[in-house]
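Observations on the three-dimensional arrangement
Listed here are the chains, written in short residue letters.
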Amino acid sequence: AVVSTQSTGERIEFIVGDFMQLAPSLSADCVFLSPPWGGPEYLRQDVYSLSNMTPKGVDIFEVASQITDNLAMFLPRNVDVDEVIGLAVPGAAVEIEQNFLNRRVKTVTAYFGNLISE
């Protein structure tokens, strides 16, 4: 595969702080969410619910949705896919990508808005 890269230094800003407090003042073309899963406890569950996050995954998603519709959410491999699909506005698509390492699913990334590949 051929991969081309561009300089993005001026177009990406890294901000350190509490997302739930900062979000109302942010504007962006897209938001990448990697919410806390609660440590290794998520591995002991057959299906991981977004409500197990602190703050709850649904709340994080709703706050991010006020910034942009173009969201990516990095989640544990055992996340409840139906819950993730339920985050999308009615009639909108969700793309769920499994991330593999050594031929095993390690995580999933859910894409919303214009981040969905066609």
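Above: the structure in question.
Here the structure is a predicted model, which is why all the values come from computation and not from measurement. (Residues numbered from 1 in each chain as written. Predicted model: local features only at pLDDT ≥ 70, side-chain atom pairs only at ≥ 80, totals over all residues. Heavy atoms only, no water.)

When you go through the protein residue by residue, the secondary structure sums to three helices and four strands. A compact globule built from 118 residues should have a C-alpha radius of gyration of about 13 Å, and the protein, at 15 Å, falls within 12% of that. A burial count over the protein gives 30% of its 118 residues as buried. Considering only intrachain contacts with a sequence separation of at least 6, the fraction spanning at least 24 residues in the protein is 63%. Accessible surface, the protein: about 8400 Å² in total, of which carbon and sulfur atoms supply 51%. Side chains of the protein carry 7 positive and 15 negative charges; the gap between the two charge centres is 15 Å. (Helix = DSSP H or I, 4+ residues; strand = E, 2+ residues; numbered from the N terminus. Rg over C-alpha atoms; globule rule 2.2 N^0.38 Å. Buried < 20%, exposed > 50% of the residue type's maximum accessible area, 1.4 Å probe, protein only. Contact = heavy atoms within 4.5 Å. Areas by Shrake-Rupley, 256 points an atom, 1.4 Å probe, with all protein chains shown as cover. Lys, Arg positive; Asp, Glu negative; His and termini not counted. Charge placed at Lys NZ, Arg CZ, Asp CG, Glu CD.)

What follows deals with the sheet that holds strand β4 (residues 104–112). Spatially, four strands are ordered β1-β2-β4-β3 in an open sheet, and the strand pairing comes out mixed. Where the open sheet ends on each side, the last strands, each with one partner, are β1 (31–33) and β3 (94–101). Neighbour-to-neighbour, the strand axes of the sheet open up by a mean angle of 20°, direction not taken into account. The sheet contact formed by β1 and strand β2 (residues 71–76) spans three bridges and is parallel. From the neighbouring strand, L33 faces β2, where its bridge partner is M73. Sheet strands touched by helix α2 (residues 57–65): β1, β2 and β4. Its angle to β2, the strand with the most contacts, is close to 165°. (Pairing = 2+ DSSP bridges. Axes fitted to C-alpha atoms, helices over the stretch in contact; angles between N-to-C directions.)

All right, on to the pairing of β4 then. In this structure, β2 lies alongside β4, joined through five bridges in antiparallel fashion. For L75, the partnering residue across the bridge sits in β4 and is V108. The sheet contact formed by β3 and β4 spans eight bridges and is antiparallel. Counted as the bridge partner of N99 is T107 from β4. Count of turn residues in the β3/β4 antiparallel hairpin: two residues, of which N102 carries a positive phi of about 55°.

Time to look at the nonpolar core. Side chains that are nonpolar tend, in soluble globular proteins, to be buried together. L50, L75, V84 and F112 are the most contacted members of the largest nonpolar core, which has 22 residues in total. Of all the elements in the fold, those that place two or more residues in this core are β1, α2, β2 and β4. With residues up to four places along the chain from it excluded, the contact list for V84 reads L50, L75, V79, V94, I96, A110 and F112. (Core = buried A, V, L, I, M, F, W, Y, C linked by side-chain atoms within 4.5 Å.)

The linkage connecting T54 with the following residue, P55, adopts the cis geometry, with an omega of -5°. With respect to the helices, strands and loops of the structure, P55 is situated in the loop between β1 and α2. Look at N102: it is not a glycine, yet its phi comes out positive at around 55°. With respect to the helices, strands and loops of the structure, N102 is situated in the loop between β3 and β4.

Here we come to the packing of aromatic side chains. Taken as a whole, this structure holds five aromatic pairs when the rule is applied. For the pair W37 and Y42, a centre-to-centre distance of 5.0 Å together with 75° between the ring planes defines the contact as edge-to-face. According to the relative accessible area criterion, W37 is buried, its value standing at 16%. Relative to Y48, the ring of Y42 lies with its centre 6.3 Å away and its plane at 85°, an arrangement referred to as edge-to-face. Y42 gets classed as buried once you look at its relative accessible area, which sits at 14%. A connected cluster of aromatic rings, assembled from ring pairs, spans F32, W37, Y42, Y48 and F74. (Phe/Tyr/Trp six-rings, centres within 6.5 Å; stacked < 30°, edge-to-face > 60°.)

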